[in-house]
Amino acid sequence: MLGKLDWSAIPFDQPIPLVAGAVVLVAILAVLAWVVVKGHLPYLWSEWITSVDHKRIGVMYVLLASVMLLRGGSDAIMMRIQQAVAYQSQGYLPPEHYNQIFSAHGTIMIFFVAMPFVIGLMNLIVPLQLGVRDVAFPTLNSVGFWLTATGALLVNISLVVGEFARTGWLAFPPLSELSYSPGVGVDYYAWSLQISGVGTLVAGINLVTTVLKLRTKGMNYLRMPMFCWTTLASNLLIVAAFPILTATLAMLLLDRYLGFHFFTNEAGGNVMMFMNLIWAWGHPEVYILVLPAFGIFSEVVSTFSGKALFGYRSMVLATMAICVISFMVWLHHFFTMGAGPDVNAIFGIASMIIAVPTGVKIYNWLFTMYGGRIRFATPMLWAIGFMVTFIIGGLTGVLLAVPPADFILHNSMFLVAHFHNVIIGGVLFGAFAGFEYWFPKAFGFRLDERWGKAAFWFTFVGFFVTFMPLYIAGMLGMTRRMQHYDVAAWRPWMIVAAIGMAVLVIGVICQIVQIVVSVRNREALRDRTGDPWDGRSLEWATSSPPPAFNFAFNPDVRGEDAYWDMKVRAQQQSLDADRPEYQDIEMPKNSPTGFVCAFFATIMGFALIWHIWWMVILGGLGAFATFVVFAWRDHDEYVIPAAEVAAIDRVNVEERRGLVSMAGAV
Amino acid sequence: MAMTATAGHAHADPHHIGLVIEHPGPASKRTVTAYGFWIFLLSDIVMFSCFFAAYAVLVGQTAGGPKAAEIFEPRYVAIETVCLLLSSFTCGMASIAADVRNRFWFYLGMTVTCVLGLIFLVLEFREFANLVARGYGPTRSAFLTAFFSLVGCHGLHVSAGVLWLLTMMAQVYAKGFRADILRRMLCFALFWHALDIIWVAVFSVVYLLGSAV
Ligand code: HEM
Ligand SMILES: [Cu+2]
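Quick look at the structure, then.

Quick notes on the rules
Residues numbered from 1 in each chain as written. Chains lettered and ligands numbered in written order. Predicted model: local features only at pLDDT ≥ 70, side-chain atom pairs only at ≥ 80, totals over all residues. Heavy atoms only, no water. Contact = heavy atoms within 4.5 Å. Buried area = accessible area lost by both parts, 1.4 Å probe. Salt bridge = Lys/Arg side-chain N within 4 Å of Asp/Glu carboxyl O. Polar contact = N/O pair within 3.5 Å; in protein donor to acceptor, adjacent residues only side chain to side chain. Core = buried A, V, L, I, M, F, W, Y, C linked by side-chain atoms within 4.5 Å. Buried < 20%, exposed > 50% of the residue type's maximum accessible area, 1.4 Å probe, protein only. Helix = DSSP H or I, 4+ residues; strand = E, 2+ residues; numbered from the N terminus. Donors = N, O, S within 2.8 Å, 3.2 Å for Na, K, Ca; no water. Expected span 1.5 Å × (residues − 1). Phe/Tyr/Trp six-rings, centres within 6.5 Å; stacked < 30°, edge-to-face > 60°. Lys NZ or Arg CZ within 6 Å of the ring centre and 35° of its normal. Near = heavy atom within 4 Å. Nonpolar A, V, L, I, M, F, W, Y, C, P; charged D, E, K, R; others polar.

1. Details of the interface of chain B and chain A
For interface size, the figure often reported is the accessible area lost on association.
In step 1: Each side of the interface is counted separately: chain B has 47 residues, and chain A has 49 residues.
In step 2: Across the chain B/chain A interface, buried area totals approximately 3900 Å², and carbon plus sulfur atoms make up 66% of it.
In step 3: Here chain B is connected to chain A by 2 salt bridges.
In step 4: Where A:Glu637 meets B:Lys29, a salt bridge forms, and the shortest distance between an N and an O atom there is 3.2 Å.
In step 5: On inspection of chain B and its partner chain A, the count reaches 9 residue pairs in polar contact (both at pLDDT 80 or more).

2. Looking at the nonpolar core
In step 1: The biggest cluster of nonpolar side chains holds 252 residues, and the ones touching the most others in it are A:Trp281, A:Trp365, A:Trp610, B:Tyr55, B:Phe106 and B:Phe147.
In step 2: Ranked by residue count, the leading element in this core is helix H8 (residues 271–305) of chain A, at 21 residues.
In step 3: With near-sequence residues (within four places) excluded, A:Trp365 lies in contact with A:Phe294, A:Phe297, A:Ser298, A:Val301, A:Leu309, A:Met315, A:Phe386 and A:Met387.
In step 4: A:Phe553, A:Ile640, A:Val645 and A:Ala646 belong to the second-largest nonpolar core, a separate cluster that totals 10 residues.

3. Side note on the coordination of the iron atom of ligand 1
Ideal coordination angles are 109.5 degrees for a metal with four donors arranged tetrahedrally and 90 or 180 degrees for a metal with six donors arranged octahedrally.
In step 1: On the protein, A:His418 (NE2) is the one donor atom to the iron atom of ligand 1, at 2.3 Å.
In step 2: If you look at the iron atom of ligand 1 and the copper ion (ligand 2), they sit 4.7 Å from each other.

4. Re the environment of B:Phe177
Residues and elements named next belong to chain B.
In step 1: If you trace the backbone, Phe177 turns up in the loop between helix H5 (142–175) and helix H6 (179–212).
In step 2: Residue Phe177 is classed as buried on the basis of its relative accessible area, which comes to 14%.
In step 3: With residues near it in sequence (within four places) discarded, Phe177 still touches Ala98, Arg101, Asn102, Arg103, Phe106, Val172 and Leu182.

5. Remarks on the pattern of salt bridges
All names here are of chain A.
In step 1: Applying the stated criterion across every chain yields a total of 14 salt bridges over all chains.
In step 2: The salt bridge partner of Arg526 is Glu523, with a shortest N-O separation of 2.7 Å.
In step 3: Connected through salt bridges with shared partners, the residues Lys217, Asp556 and Arg558 form a single ionic network.

6. Comments concerning helix H20 (residues 613–631) of chain A
In step 1: Across its 19 residues, H20(A) extends 27 Å between first and last C-alpha, which sits within 8% of the 27 Å expected from 1.5 Å per residue.
In step 2: Every buried residue belonging to H20(A) is among A:Met615, A:Val616, A:Gly619, A:Gly622, A:Thr626 and A:Ala631, and all of these are buried.
In step 3: Summarising the contacts, the buried residues of H20(A) are in contact with helix H19 (593–609) of chain A together with H5 and H6 of chain B.

7. Here we look at the coordination of the copper ion (ligand 2)
Residue and element names in this part refer to chain A.
In step 1: Donor atoms from the polypeptide that bind the copper ion (ligand 2) are His283 (ND1), His332 (NE2) and His333 (NE2), placed at 1.8 to 2.1 Å.
In step 2: Positions of the donor residues of the copper ion (ligand 2), expressed as sequence spacing, correspond to H-x48-H-H.
In step 3: Under the relative-accessibility criterion, His283 is labelled buried at 6%.
In step 4: Look at His333 and you get partly exposed, because its relative accessible area is 23%.

8. A few points about the packing of aromatic side chains
Residue and element names in this part refer to chain A.
In step 1: By the definition in use, this model includes 73 aromatic pairs over all chains.
In step 2: Their ring planes at 85° and their centres at 6.3 Å tell us that Tyr188 and Trp610 sit as a pair that is edge-to-face. Highlighted residues: Tyr188 in helix H6 (residues 185–213) and Trp610 in the loop between H19 and H20, separated in sequence by 422 residues. Residue Tyr188 shares its accessibility class with Trp610, and that shared class is buried.
In step 3: A network of ring pairs unites the aromatic residues Phe117, Trp382, Phe429, Phe432, Phe456, Trp457, Phe460, Phe463, Phe464 and Phe467 as a single cluster.
In step 4: Over the ring of Trp48 we find Arg56; its NZ or CZ atom is 4.6 Å from the centre of that ring.
In step 5: Between the NZ or CZ atom of Arg215 and the centre of the ring of Tyr221, over which it lies, the distance is 3.9 Å.

9. Digging into the site of ligand 1
All names here are of chain A.
In step 1: In the vicinity of ligand 1, 21 residues are found, and the nearest of them are Asp406, His410, His418, Phe419 and Arg480.
In step 2: One of the side-chain N or O atoms of Asp406 is found 2.5 Å from an oxygen atom in ligand 1.
In step 3: Within the side chain of Arg480, one N or O atom sits 2.9 Å away from an oxygen atom of ligand 1.
In step 4: At the level of elements, H8, helix H12 (378–400) and helix H14 (413–443) are the ones that each hand at least two residues to the shell around ligand 1.
In step 5: Sort the elements by how many residues they give to the shell around ligand 1 and H14 lands first, with 5 residues.
In step 6: Residues that form the shell around ligand 1 fall into these classes: 13 nonpolar, 6 polar and 2 charged.

Here is the structure:
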């Protein structure tokens, strides 16, 4: 009746996950109860859960990422404490539990923190920067988000019901095959990534189409803001790479569920095929994450330097070059697995070539700052901190791309330090920069600068204290994923790293405090102009938060830095020179499709993990029914009458006139 | 939607001196839908190529089981191929009929497409069932694993296509040739033709090259 599921799935003998799970459960129930009692449920349902507005969906993505950051972060804290205390002792975590923690940590951080964070920011901002009303496929957009949430939910369920994979975040066979991992851990891993992967693919298709087909009048390719370019590159990579992940996981699942022989040791299966496939996805994946961050830094650096981006065209070229080259270097992830010197040399050189366009970008940012009027607001701090950090990470990456060096450093703590260096210093700093930069756009008030700066400095220092020791430990020969060890020389570095982790935690706390304080003081921090940073691209041309339709009129773009040009022109003429007549606007209607889809996907995923076949069928039928009902809909748009558009827009124009006359006075 | 070529706004935009093609604004809904669906199809083809790659890697790994040449029945495969190619043609007829809003030819085209698709599926199913009955199921060897997965994946796509086809017919029956229905019909046709192209690749790589192994 319930497949493999029975009471033994609940780990009654392990206090840590049980207590953690209980706390989370109580927290969720408390929030739910509060929502219901206070009567917020209808509001949540109609304004958020069923919303197909790209801005709302973007915010929900970022919220999901933030919550999962706390989850992945607590795993990290546990690991750092373990390695600090596990010198010549077992530490406080049983080995199989430790293995689950590092696997869950990697999986969560990449798929449910970094990905939703950057996708959320792209969703929120790209249509605004392109000067359009929405993404290409609004309802699909909601489906994509909710499927991502399903994946995250399944991973979290594994904390209490059953177990998570013990195989690392890429589940290499043969360890992940049924014979070595008979439990449900790998199934949790594979199904949650399969489901959220579909969501990611949908988001990718949506954003590619949006950038290529939905630009406002006059927005030629070479007038798009840099963030739109990196969004395009990143989503092209999603469309090209995520199907590889889907296929690879499908093969692994076929091996596990039906006894196929793709990657088994018996009957001719080929483990190296998994390595090739997973890294053909995995290497582009790191650029899927970091390219949007590059875009955010470009926007931030140019805005806070008060200058147009230096070398715009070379930046575009560098972005697209990275997009292409990142597909040609995957093999550097297994230099040590016997491909032979020629192959290694070719892939080594190809990997180092990526450093060239990346270097171009760094120089462009520096030259943008050079001679500019720099304002050290919080987003700018993150951008500068990123440049310092990322250069170190890039250099160690180039070092790893030298095959002989990699033979020594592969699978060592040095590698761990490298990829945290690029992923935290690149992606996460970028996400935070974007968060601080666009928060006023999304909510209409700024974040508190004092707490923001404190958060930056604690995170920045904490990062270095945590990860620089790992480089050293790696060079002293410490391998990754150690549950305990006996080498005295490593111990001090592990203790320093744990202290660094504590500093990082203070950074996170500052960030939470920043949000709380800012929400409390929101009236004082209110931004009525919609343009708090003196921005340059179109998202600042509308009010904050923008109306559902984004722009009352489709903007007409005349050059790079579209909004900056408008402001310059507006100072010469008057802003309201000739507002054309307002018109009715059609917008897509809210739809529960995404949520319902995800509901059935959760049921199906859970049932598949536990081999509860009748429930699988039920979930599948439900999903199909949702599809048919959605396909049967008659009206998917509603009309905002011209009068309402006019009323909303007039407020915005008033505020903006004040802004322009003030700017004129300066 | 004419592209207008104008002189660049040299004052606002120093890079764009000379002739600039001005972007006319967002594309029509039909274009956007078809374009997005194209991109989906490309990603689907990437997914297929992974299974092709796996087949290429594993085709020699028979683990003492049968080789490719020993199990294929060219006659069935030939009929399957003809069915699928014909169905692409009839699907094209149905699309044209939809564009000129001719219900009779639309239903006829779709019905024939559906029947041909079903024949294809039945033949494929028989091929699979025969192999399994002879003890050559996908668990027998890595080669058979790759074979069943690649061909089966295509078969699953065709099955999904048939379901979609029936939904399309029902939609036209209930709602007529509305603009959104026509957009969906466009996507369906793209999907069906793409399956044809993939089948041509399957036919060449699996059956033609495979018979030589
Ligand atoms: C100049 C650019 C870069 C080069 C040359 C480079 C090179 C490498 C090499 C050779 C490895 C494999 C090391 C080994 O397994 O022994 C590696 C691992 C890794 N890199 Fe990079 N990298 C670069 C940039 C990046 C960026 C931008 C990111 C992320 C945004 C990143 C994320 C990772 C990750 C996550 C791993 C570890 C994968 C694992 O778990 O094995 N790298 N890098
Ligand atoms: Cu790589």
